[in-house]
Amino acid sequence: MGLLALVHRGWPAGRRADRHRHRRHRRALASLSFLSFVYPKGRWSFAFSRHQLANFKASSATDGLFASFFDGPTLRADDLRTVSDLKIVTWAATAALRISESLSLGLGVNCLSLGLGVNYHHGRLEESTELYTFPPGGLFLPNPYRPQDLIGIQHAMIDDRTWTISGGILWRINRHWSLGSVYRPGPAILIEQVLLAGPAFIEPEATVLDSDAFDVKLPDVYGLGLAFRGPNEALTVSVEWNHVEYSDILDSLEAGAGGTAGLVQDDGEELRLGLEYVFLHSKPLVAIRFGAWRDPDHRFRFEGQNIIDRAVLRAGDDELHLAAGLGLAFDRYQIDLGVDFSDEVNALSLSAIYTF
């Protein structure tokens, strides 16, 4: 929050704040997102996996943020440039036990299974936010981001490792219906921040303005899912609900960094719908899949009196994702291709399964 304090100090509530220009850059990233090995043994199943929870690169810049006041001129805030590179990888060892086959309740053959996982998380973040004075030649000129106009730079760094334990339940009610639930706690990762003065700072001899280190808690997730498989087992329909506690992030920032007054971050409710149809008489088996899911807005937003903070930290929109996939199943291996489209992010996934 150090640079925000520098930018907005002395900007009271006013009539209006507008963005003049905002630059955004799109990037394409490719990586191995998931790898697993599963070994069944009687009523037990053991799994080992590697999951890339996040692989995110972004850059942005504000080039003219103006405020109009009731009894004064139009003012321009100093400009920001930010570059971020975030990676979070989780290694997991999981055991599942089929504990009961006696809960039929008159519904037919069924099975209850419990799963427990031990997760090892490695998080890495490199983020730099630079604060520049606006162009000295004119209030409405584009910012050239000259080195001599740099007020300060804030570096945020993460290189931390931690452990969590997750769990799940699967109830195969009968040959058609299955019900499952999961709990995945988010890890707490240590973040280090340092705020450095630039040539245009009011006290240029003060190189290090501030430094801090604190834990950032990533969201806990509670999930519940229901699946129906048709009489001929060709069609499967599934629905899923996830409660994501995004507010864990803000709560940890408030406890560690402070300076979060006026900031709000809501928990999110993810809803997912999936359809799969398998052509059972084809060789190899061919499966087509369609899905949709809602990614709720979980951006930080400011609800205090400062109009600049309100303009920069605004609520976003929920994102609707549409997905489709194709799968080919042979005797010992399976190949799947999937796509996921939304306004902000498009994803292409290719996976393979080998059974021995």
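Residues numbered from 1 in each chain as written. Predicted model: local features only at pLDDT ≥ 70, side-chain atom pairs only at ≥ 80, totals over all residues. Heavy atoms only, no water.

Description of the pattern of salt bridges
Charged atoms that come close allow side chains of opposite charge to pair.
Next up, step 1: One pass over the full model with this rule turns up 17 salt bridges.
Next up, step 2: For Glu233, the salt bridge identified is with Arg175, shortest N-O distance 3.6 Å. In this pair, Glu233 sits in the loop between β13 (221–229) and β14 (235–244) while Arg175 sits in the loop between β9 (150–172) and β10 (177–184), placing the two residues 58 residues apart along the sequence.
Next up, step 3: Judged by relative accessible area, Glu233 falls into the partly exposed class, the value being 38%. (Salt bridge = Lys/Arg side-chain N within 4 Å of Asp/Glu carboxyl O. Helix = DSSP H or I, 4+ residues; strand = E, 2+ residues; numbered from the N terminus. Buried < 20%, exposed > 50% of the residue type's maximum accessible area, 1.4 Å probe, protein only.)

Regarding the confidence of the model for the chain
Next up, step 1: Here the chain averages 85 in pLDDT, while 87% of its residues score no lower than 70.
Next up, step 2: A low-confidence stretch, residues 1–23 stays under pLDDT 50, and its non-local contacts, those more than four residues away or across chains, total 81 contacts.
Next up, step 3: This model gives residues 104–109 a pLDDT under 50, and the stretch forms nine contacts once residues within four places in sequence are excluded. (pLDDT = per-residue confidence, 0-100. Contact = heavy atoms within 4.5 Å.)

A few points about the pairing of strand β16 (residues 268–279)
Next up, step 1: When β14 meets β16, the two strands line up antiparallel, connected through 10 bridges. Across the sheet, residue Leu235 finds its bridge partner in β16, namely Tyr277.
Next up, step 2: Inspection of the sheet shows β16 paired to strand β17 (residues 285–295) by nine bridges, in the antiparallel sense. Bridge pairing in β17 places Val278 opposite Ala287. (Pairing = 2+ DSSP bridges.)

Some remarks on the side chain of Asp295
Next up, step 1: If you trace the backbone, Asp295 turns up in strand β17.
Next up, step 2: It is Arg272 that comes nearest to the buried, bridge-free Asp295 among opposite-charge side chains, at 7.0 Å.
Next up, step 3: Dropping the residues within four chain positions of it, Asp295 is found in contact with Tyr246, Glu270, Asp318, Glu319 and His321. (Lys, Arg positive; Asp, Glu negative; His and termini not counted.)

With respect to the environment of Val38
Next up, step 1: Take Val38: it is sitting in strand β3 (residues 34–41).
Next up, step 2: Using a relative accessible area of 53% as the deciding quantity, one classes Val38 as exposed.
Next up, step 3: As for Val38 and Thr94, which are separated by 56 residues in sequence, their C-alpha atoms are 9.2 Å apart.
Next up, step 4: Sequence-distant contacts of Val38, defined by excluding residues within four places in its chain, comprise Phe46 and Ala47.

Structural notes on the environment of Arg161
Next up, step 1: Relative to the helices and strands, Arg161 resides in strand β9.
Next up, step 2: Residue Arg161 is classed as partly exposed on the basis of its relative accessible area, which comes to 45%.
Next up, step 3: On a C-alpha basis, the gap between Arg161 and Val89 in space is 9.7 Å, while along the polypeptide they are 72 residues apart.
Next up, step 4: When residues no more than four places from it in sequence are discounted, the contact partners of Arg161 are Tyr120, His121 and His122.
Next up, step 5: Reaching out from Arg161, the side chain makes a polar contact with the side chain of Tyr120 at a distance of 3.3 Å.
Next up, step 6: Within the structure, the side chain of Arg161 is placed 3.5 Å from the side chain of His122, a separation counted as a polar contact. (Polar contact = N/O pair within 3.5 Å; in protein donor to acceptor, adjacent residues only side chain to side chain.)

A few points about the packing of aromatic side chains
Next up, step 1: A full pass over the atoms with the stated rule returns 10 aromatic pairs.
Next up, step 2: Geometrically, the ring pair formed by Phe37 and Phe356 is stacked, given 6.1 Å between the ring centres and 25° between the ring planes. Placement of the pair is Phe37 in strand β3 and Phe356 in the segment after β21 (347–354), with a sequence separation of 319 residues.
Next up, step 3: On the basis of relative accessibility, which here comes to 69%, the residue Phe356 falls in the exposed class.
Next up, step 4: Centre to centre, the rings of Trp177 and Phe228 are 4.8 Å apart; their planes meet at 50°, and the pair counts as tilted. Of the two residues, Trp177 sits in strand β10 while Phe228 sits in strand β13, which places them 51 residues apart along the sequence. (Phe/Tyr/Trp six-rings, centres within 6.5 Å; stacked < 30°, edge-to-face > 60°.)

Some words on helix α2 (residues 247–256)
Next up, step 1: Among all positions in α2, only Ser247, Asp248, Ile249, Leu250, Ser252 and Leu253 are buried.
Next up, step 2: For α2, the elements touching its buried residues are β12 (208–217) and β15 (263–264).

What about the nonpolar core?
Next up, step 1: Among the nonpolar cores identified, the biggest contains 12 residues, and these are Ala54, Ile88, Leu125, Ala156, Ile158, Ile189, Ile191, Phe214, Val216, Leu218, Ile249 and Leu253.
Next up, step 2: Elements with a contribution of two residues or more to this core: β9, β11 (188–197), β12 and α2.
Next up, step 3: If we skip the residues at most four places from it in the chain, Ile88 touches His51, Gln52, Leu53, Ala54, His122, Gly123 and Leu218.
Next up, step 4: Leu65, Ala67, Ile307 and Ala311 belong to the second-largest nonpolar core, a separate cluster that totals six residues. (Core = buried A, V, L, I, M, F, W, Y, C linked by side-chain atoms within 4.5 Å.)

Observations concerning the pairing of strand β19 (residues 319–329)
Two faces, one strand: in a regular strand the side chains alternate between the faces of the sheet.
Next up, step 1: Sheet topology places β17 next to β19; 11 bridges connect them, and they run antiparallel. Across the sheet, Ala292 pairs through a bridge with Leu322, a residue of β19.
Next up, step 2: Direction of pairing for β19 relative to strand β20 (residues 333–341): antiparallel, over a ladder of eight bridges. Considered in β20, the bridge of Leu326 is made with Leu337.
Next up, step 3: Counted along the chain from β19 to the antiparallel partner β20, the turn is three residues long.

Remarks on unusual backbone geometry
Next up, step 1: Lys283 connects to Pro284 through a cis peptide bond whose omega is -5°.
Next up, step 2: Here Pro284 is to be found in the loop between β16 and β17.
Next up, step 3: Of note in this structure, Tyr145 is not a glycine but carries a positive phi near 55°.
Next up, step 4: Structurally, Tyr145 can be placed in the loop between β8 (111–132) and β9.
Next up, step 5: Relative accessible area serves as the criterion here: at 9%, Tyr145 is assigned to the buried category.

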